[in-house]
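So you can see what is in the structure, the chains are spelled out below.
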Amino acid sequence: MITLTEWRPCAVWALALCGLTAAVPAGAAAREQVVLTVRADAPGPKIDRHIFGQFAEHLGRGIYGGIWVGPGSPIPNTDGYRNDVLAALKALHVPVIRWPGGCFADDYHWRDGIGPRAQRPARINTNWGGVVEPNSFGTSEFLDFAALIGADPYLTGNVGSGTPREMADWVEYITSDSPSTLAQLRRANGRRRRWSLAFLLMANEAWGCGGNMRPEYYADLFRRYATFVRDHAPKGITLVASGPHDDDYHWTQAVMARAGDQMDALSLHYYTIPTGNWQHKGAAIGFGEDQWASTLQAAERIDEYITRDAAIMDRYDPKKRVALFVDEWGTWYDPAPGPDRGVLYQQNSLRDALVAAISLDIFARHADRVRMANIAQMVNVLQAMILTRGDRMILTPTYWVFRMYVPFQGATYLPVKIATPSYRYGTVVLPAVDATAARDASGTIHLALVNLDPHHAAAIAVRIDGAEAHSAAGQVLTAAAMDAHDTFADPHAIAPVPFGGKRRGGRLVFRLPAKSVAVVAVH
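Sequence positions are assigned chain by chain, starting from 1 and proceeding in written order. Under the rules for a predicted model, residues below a pLDDT of 70 receive no local features and side-chain atom pairs below 80 are neither given nor counted, while totals for whole chains, interfaces and linings still include all residues. The basis for the side-chain values is all heavy atoms of the structure; hydrogens and waters are excluded.

A. Spatial organisation of the overall build of the protein chain. Per the secondary structure count, the protein chain includes eleven helices and 27 strands. In summary, the protein chain has a C-alpha radius of gyration of 23 Å against a globular reference of 24 Å for 523 residues, a match within 12%. Based on the C-alpha atoms only, the size of the protein chain along its principal axes is roughly 75 × 55 × 45 Å. Burial status across the protein chain gives 59% buried among its 523 residues. Put simply, DSSP marks the helices as runs of H or I at least four residues long and the strands as runs of E at least two long, and each gets a number from the N terminus on. Between the two quantities, the radius of gyration covers C-alpha atoms and the globule rule is 2.2 Å times the number of residues to the power 0.38. Buried, partly exposed and exposed residues are distinguished by accessible area as a fraction of the type maximum, computed with a 1.4 Å probe on protein chains only: under 20%, between the cut-offs, and over 50%, respectively.

B. Just the state of the cysteines, in detail. Criterion for a disulfide: a pair of cysteine sulfur atoms at a distance within 2.5 Å. Tallied over the entire structure, the rule returns one disulfide. Residue pairing for Cys 103: its cysteine sulfur links by disulfide to Cys 209, the two sulfurs lying 2.1 Å apart. Every disulfide takes its handedness from the sign of the S-S torsion; for Cys 103 and Cys 209 that torsion is -90 degrees, giving left-handed. A residue pair is termed long-range when its members are at least 10 positions apart, and Cys 103 in the loop between β6 (96-99) and β7 (123-124) and Cys 209 in the loop between β10 (199-202) and α6 (215-228) qualify at 106 residues.

C. Summary view of the environment of Pro 496. Inspection of the secondary structure puts Pro 496 in the loop between β24 (471-477) and β25 (497-504). Along the primary structure Pro 496 and Ser 516 are separated by 20 residues, whereas in three dimensions their C-alpha atoms are 9.9 Å apart. Any two residues whose heavy atoms approach within 4.5 Å at even a single point are treated as in contact. If sequence neighbours within four positions are ignored, Pro 496 has contacts with Trp 400, Met 404, Gln 475, Val 476 and Leu 477.

D. A look at the side chain of Asp 112. Tracing the backbone shows Asp 112 in the loop between β6 and β7. If near-sequence neighbours (up to four positions away) are discounted, Asp 112 is found in contact with Arg 120, Pro 121, Arg 123 and Asn 135.

E. Fine view of unusual backbone geometry. With omega at 0 degrees, the peptide bond leading from Trp 99 into Pro 100 counts as cis. Along the chain, Pro 100 turns up in the loop between β6 and β7. Gly 102 follows Gly 101 through a cis peptide bond whose omega is 20 degrees. In this structure, Gly 102 sits in the loop between β6 and β7. Phi is positive for Glu 205, close to 45 degrees, though the residue is something other than glycine.

Note that all results are geometric; they support no functional claim without further evidence.
What follows is the structure, given as structure tokens:
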């Protein structure tokens, strides 16, 4: 875990950084120096690559128009999948995609989405806007999409309105290599070989839209479903239980106590809301520093939730066999006026990039228990990687953070001790700088540095115990405005630029701009 310690001035640090702070432009003066110690000599657990996962629900333009346009579309596509979106997602090395929801999942019946598309039934999406769901993007389209971008599939099964038989049949249809009727049905629908199914969640938000259940009742249902869902996959399927949201620790305790022996993972959902008020969440852009500060404070709250949930899990699972999957997380703002109002489309700004960075840092620090996370959502919904409009596409600041963090996928966590001044605004008090470190399979050490202060650059000195460090090079993402964002009129308003640090006085030193995220490789 990262340790926040009181910063004390030291002549050695002052000498090491005097040239650095002198180079800070007027109006962006660096505050007190930040001191980081990276323990390369005391490596921690592996950062599971699935922590950098994605989520795609049948909601708004997340699937239709975002990922899928159909093979007959004038928008350039490969078998119906947008070429621009495919290329952008491949660059992220997306490790896992959760589908079909979300609330949509517990009203979804998989047989609606198989066979010839022209013959699939149209249904009403009762969870999201009452629009018609054509079911033209179903099981084969999702699994082929995951394979196209190299991601593991993560299905959410229907417990709320489905049956154990329905879920068991879906798994058999996907994974069986036998001559059974369901496997033959898959072959008749054009897929001779079975697919690989890595993860299966049994119910989305069983405490809410998944059935408004009590945890004790859900735990018994989970045991029932887990009994009848046969594992036909050669690599095995990770069975995931619907877990708590926010600080509902009673749910964690009850489900772990009653069903912990039959699950492989437990989910956790948490959304960052600037105001803490679901009826008036705050604006995606055009906000003031009050909501900059409150948003970052809210994002950091997930560290407490994970810590306390993990402690409960430890009582029932001291060997940490059961993983914690933060399979819905991200920012959620009030909808902007316009045609996308009500379908959770929101602009994505530099503030969202910092939320993504500090969240990924938190997940990495809990890598012993957190082994998957899925940001909500991939395209055109909430804190998206990508926004599309017709045949146009823009990459969001959150996209760039995920791309910058690719070297952390599967890397070994290195503990970091940090002494940093505080960023303060009103009653909000936060560490001004956050950081994480890891060593990849080639032995290269990577540092992620986040400056939460929107006004002051940070003069940072890094000592690495157990490794040589001569220089560091990578990228930084920042902008002049707190709500800097790309638009379809200006699709390149914000993007990473080169960034680095040098060795001085036995340390690596950096000048990290205000309101920024940087990732560097140490050489």
